Each structure stands twice: as C-alpha cells, then as structure tokens.
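Fold and geometry: a report
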Amino acid sequence: MAVRDLTLLTAADFDNFIADHVGDEIYEFVDGKVVQVPSNPWVSKIAGIIFSLIWMHLQQNNLPGNLTTADGGFMVNGQRFAPDVTFVGPDKRFVDRGYNPDPPDLAVEVVSDEGNRQELNDLVAKLRHYRAAGVIVWVVLPRAQRVEIHDPAADPSQEPVTLGPDDTLTGPAILPGFRLPLREIFSDQV
C-alpha cells in the first residue's frame with residue numbers, strides 16, 4: 001500500500017514526516033512521493049534467508065562491514081530507501097539514527113507483489129537512483145523464481161543479468177567468495 005498525495009514533497013518534508021511518525025510502518029521517499037513499503041511473510045522469509053546467509057559468510061570469513069534488514073533506511077541519490085537487505089562496506093559511514101547518509105554497496109529488493117503495477121513502477125524509479133549512486137542491486141522475484149542483478153558498472157543499455165532457481169548467485173567484489181544457490185530461497189513456494 002502506498003501513501004499518495006497529489007503534491008510532491010521535498011526530502012526535507014519527508015524527513016519531517018518520518019520524525020513525526022509513530023508506528024511500525026516503513027516508508028520510502030521515491031521521486032517526491034511517500035511510499036509505504038509493502039511486505040508479506042513470504043517476502044520477509046526470503047529476505048531473512050538472504051540476510052542470514054550473507055551474515056554467516058561475513059562471520060566465517062571475518063569480513064568487515066555492516067548488514068541490515070528493511071528496518072535500516074538509506075539516503076540514495078537524494079531519495080530515502082529501505083531495502084529488504086543491505087550491505088555497507090567498512091569505508092562508508094554507518095549511523096544509529098534516521099536514514100544512513102551513505103548509500104549501501106549492495107541492496108536486495110524482494111518484490112512483494114509481482115502483479116502490482118505501482119510497486120513495479122516504484123522499483124524502476126528506485127533502480128534508476130541506485131544506479132546513479134553506484135549501488136549493486138539484487139531484485140528478487142519470488143513467484144517468477146528469478147533474481148535480476150543490476151550492476152551500476154554494467155552498460156546501461158544492456159539488460160540485467162537474470163538468474164533462475166537452478167543458478168547460483170555469487171557475491172560482488174565487496175562480498176568475496178559469497179555463493180547462494182537460488183534453490184535455497186525458492187524451495188518453499190507459496
């Protein structure tokens with residue numbers, strides 16, 4: 001569900017909205033609009049698996065950096081995003097309040113409803129901002145059992161790399177040695 005207003009807000013307006021907001025909902029600021037982050041238990045489970053596997057990889061390999069869930073928000077190219085999972089390398093700031101001023105190095109966006117046109121339109125806008133900020137994005141499409149890898153270093157005219165359930169997702173340079181057989185996240189279809 002999204003909170004929609006016909007007037008566009010500034011980032012400062014959004015920050016004031018968030019400062020005054022009381023509740024458990026998570027919001028993003030996408031191209032002047034306040035968007036409530038959609039979710040469901042299945043999406044949360046998939047994001048939790050990805051988070052856990054990255055966390056274990058970081059711990060087992062003594063790799064520095066910070067890993068967050070959707071409760072951690074980030075400033076990305078003037079926007080405010082709350083990806084399902086993020087990794088922030090040790091060379092970036094990591095704060096204990098508000099939206100982190102530095103964008104993550106890796107963002108994982110798990111699509112809640114692949115048939116929801118508004119959610120997909122918001123995702124396209126977010127991908128544009130992620131690219132501009134140099135963020136690698138893994139878009140997980142649970143129903144389609146696909147993961148799209150959006151790499152800002154890749155030619156923007158090329159389609160993202162797409163992996164299916166029989167493929168293995170490998171970590172970018174910021175997560176050396178990370179491997180995720182996608183069967184692990186797509187094994188429990190709803």
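No experiment lies behind these values; they were computed from the predicted model shown.

Counting residues in hydrophobic clusters, the biggest one holds 25 residues, and the most contacted among them are Ile50, Ile54, Trp138, Val140, Val147, Leu182 and Ile185. Breaking this core down by element, the ones donating at least two residues are helix H2 (41-60), strand S6 (85-88), strand S7 (106-110), strand S8 (136-141) and helix H4 (183-186). The biggest single contributor to this core is H2, with seven residues. The residues touching Val147, leaving out its near neighbours within four places in the chain, are Trp138, Val139, Val140, Val161, Thr162, Leu163, Leu169, Leu182, Ile185 and Phe186. In this structure, Phe81, Ala107, Val137 and Val139 belong to the second largest nonpolar core, which totals 16 residues.

Another aspect to go through is the packing of aromatic side chains. Summed over the entire model, instances satisfying the criterion amount to four aromatic pairs. For the cation-ring pair, Lys126 lies above Phe81, with the distance from its terminal atom to the ring centre recorded as 5.3 Å.

If you check H2, its first and last C-alpha atoms are 28 Å apart, about what 20 residues at 1.5 Å a residue would give, namely 28 Å. Along H2, the residues that are buried comprise Trp42, Val43, Ile46, Ala47, Ile50, Ile54, His57 and Leu58. All buried residues of H2 lie within an arc of 155 degrees about the axis, which places them on one face of the element. In H2, the exposed residues that point more than 90 degrees away from the buried face are Pro41 and Gln60. In this structure, the buried residues of H2 make contact with strand S3 (66-69), S6, S7, S8, strand S12 (179-181) and H4. Backbone geometry just downstream of H2 places Asn62 in the positive-phi region, at approximately 50 degrees.

Side chains on a regular strand alternate between the two faces of the sheet. The two faces of strand S1 (residues 27-30) match: Tyr27 and Phe29 on one face and Glu28 and Val30 on the other face are all buried. Taken together, the four bridges between S1 and strand S2 (residues 33-36) define a ladder with antiparallel strand orientation. Bridge pairing in S2 places Tyr27 opposite Gln36. Linking S1 to S2, which pair antiparallel, is a turn of two residues; within it Asp31 sits at a positive phi near 50 degrees.

Next up on the list: the pairing of S8. Buried residues dominate S8, accounting for six of its six residues. Burial along S8 is two-sided: the face carrying Ile136, Trp138 and Val140 and the face carrying Val137, Val139 and Leu141 are both buried. In terms of strand pairing, S7 meets S8 through five bridges, oriented parallel. The residue of S8 that forms the bridge with Glu109 is Val139. By the bridge criterion, five bridges tie S8 to strand S9 (residues 146-150) in an arrangement that is antiparallel. By the bridge assignment, Val139 is partnered in S9 with Glu148. Between the antiparallel neighbours S8 and S9 lie four residues, among them Gln145 with a positive phi of about 55 degrees.

Looking at the secondary structure, you find Pro156 in the loop between S9 and strand S10 (161-163). Once the C-alpha coordinates of Pro156 and Pro41 are considered, the two residues, 115 residues apart in sequence, prove to be 33 Å apart.

For the rest of this paragraph, the subject is the sheet that holds S10. On the basis of which strands lie adjacent, the open sheet formed by six strands has the order S3-S6-S7-S8-S9-S10 and mixed pairing. Among the strands making up the open sheet, the edge pair consists of S3 and S10. With strand direction ignored, the average angle separating the axes of adjacent strands in the sheet is 15 degrees. With respect to the sheet, H2 is in contact with S3, S6, S7 and S8, its orientation differing from that of S3 by roughly 170 degrees. Contacts from helix H3 (residues 117-133) reach S7, S8 and S9 within the one sheet, and its direction differs from that of S7 by about 175 degrees.

The rules behind these values
- Sequence order sets the numbering: in each chain, residues are counted from 1 along the sequence as written.
- In keeping with the predicted nature of the model, local features appear solely for residues at pLDDT of at least 70, side-chain atom pairs appear and are counted solely at 80 or more, and the whole-chain, interface and lining totals rest on all residues.
- Values shown for side chains rest on all heavy atoms present in the structure; no hydrogens or waters enter the calculation.
- Take the buried Ala, Val, Leu, Ile, Met, Phe, Trp, Tyr and Cys residues and link them wherever side-chain atoms come within 4.5 Å; each set so joined is a nonpolar core.
- Relative accessibility under 20% of the residue-type maximum defines a buried residue, over 50% an exposed one, and the middle range a partly exposed one, all with a 1.4 Å probe and only protein chains included.
- Secondary structure is summarised from DSSP: a helix means a run of H or I of at least four residues, a strand means a run of E of at least two, and numbering begins at the N terminus for each.
- Contacts: residue pairs with any heavy atoms within 4.5 Å of one another.
- Stacked, edge-to-face and tilted are the three classes for Phe, Tyr and Trp ring pairs, Trp counted by its six-membered ring, which pair at centre distances within 6.5 Å; planes under 30 degrees apart are stacked, over 60 edge-to-face, the rest tilted.
- In this analysis the charged atom, NZ for Lys or CZ for Arg, is taken to sit over a ring once it is within 6 Å of the ring centre and within 35 degrees of the ring normal.
- The span expected for a helix works out to 1.5 Å for each residue beyond the first.
- Of all possible arcs, the one meant is that of the directions from the helix axis to the C-beta atoms.
- Pairing between two strands requires that DSSP report at least two bridges joining them.
- Throughout, an axis means a line fitted to C-alpha atoms (over the contacting stretch in the case of helices), and angles, computed between N-to-C directions, take values from 0 to 180 degrees.

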